[in-house]
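Letter by letter, the chains look like this.
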Amino acid sequence: ENDETATRAYVGRYYNDYAQAVRTCALAYLLNGEERHERRAADLLTRLAQAYADLPVAGRRSTSGGSRLACNTLLGSYVLPVLAEGYEFLQGTTALEPAANEAVRACLLAEALAIARHNTEYTNQTAEHLRAFGTVGLVAGFWPLAAEAVHGPTGWHAMVEYAYSEDGIGHEAGAYHRAIF
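Presented here is a report on the structure given in the accompanying data block. (Residues numbered from 1 in each chain as written. Predicted model: local features only at pLDDT ≥ 70, side-chain atom pairs only at ≥ 80, totals over all residues. Heavy atoms only, no water.)

1. Here we look at the packing of helix α5 (residues 124-140) against helix α6 (residues 143-151)
So, point 1. Look at α5 against α6: their axes get within 7 Å of each other, and the N-to-C directions meet at 150°. Taken as axis vectors, α5 and α6 run roughly antiparallel relative to one another. Judged by the twist between their axes, the crossing of α5 over α6 is left-handed. Here L130, F133, G134, G137 and L138 of α5 lie close against α6, whose contacting residues are W143, L145, A146, E148 and A149.
So, point 2. Per-class residue counts for the contact of α5 with α6 are seven nonpolar, two polar and one charged. (Axes fitted to C-alpha atoms, helices over the stretch in contact; angles between N-to-C directions. Helix = DSSP H or I, 4+ residues; strand = E, 2+ residues; numbered from the N terminus. Parallel < 35°, antiparallel > 145°, perpendicular 65-115°, else oblique. Left-handed = near helix turned anticlockwise from the far one by under 90°. Contact = heavy atoms within 4.5 Å. Nonpolar A, V, L, I, M, F, W, Y, C, P; charged D, E, K, R; others polar.)

2. Considerations on the packing of helix α3 (residues 73-90) against helix α4 (residues 98-117)
A pair of packed helices is characterised by two quantities: the angle between their axes and the separation of those axes.
So, point 1. At their nearest, the axes of α3 and α4 sit 10 Å apart, and the two run at 155° to each other. In terms of orientation, α3 lies roughly antiparallel with respect to α4. The interaxial crossing formed by α3 with α4 has left-handed handedness. Between α3 and α4, the contacting residues are T73, G76, S77, L80, L83, A84 and Y87 on the first element and N101, V104, R105, L108, E111, A112, A114 and I115 on the second.

3. Here's the deal with the packing of aromatic side chains
So, point 1. Inspection of the entire model under this criterion finds two aromatic pairs.
So, point 2. Between the aromatic rings of Y14 and Y15, the centroid separation amounts to 5.6 Å while the plane-to-plane angle is 75°, which identifies the pairing as edge-to-face.
So, point 3. In this structure Y14 comes out as partly exposed when scored by relative accessible area, which is 40%.
So, point 4. Measuring from centroid to centroid gives 5.8 Å for Y14 and Y18, while their planes differ by 45°, and the two rings are tilted. (Phe/Tyr/Trp six-rings, centres within 6.5 Å; stacked < 30°, edge-to-face > 60°. Buried < 20%, exposed > 50% of the residue type's maximum accessible area, 1.4 Å probe, protein only.)

This is how it looks when you write it as structure tokens:
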């Protein structure tokens, strides 16, 4: 009770599961065409977009970086691409009305920009950030964000040139990070 660590862990797990539900429902719709899956994914995304501005910010320092979808930007980088993929799977359907579509897009961009602002040098965390905000840039059609992930001062090209060693990104061998390039 009142254990901040447990609470933060629960919140992180909740958002991870929430994002997985969005993507799974949207993918199920693409695979089987059942509108109930399409509606469920759209409803989850719309609810998140409506609540996003009221979600607490996880501090703006250190690895916290201002994420609203996790207790830090690294964990937010795991959640955000999954939400973006679910959103992308709904594009071209009638599930998201134009206002809801724009609200979801704005929510994804806001989180992506918080992560991009917290991008740091050549580390494994940066690789996760690039994957997260680059995915949103592509899905949302916000090309400056996608370009930053690829061509920015600490973007993918710079990571390839300066960050790799025989022991992986930032000497951590990528053993536990999800970024795949």
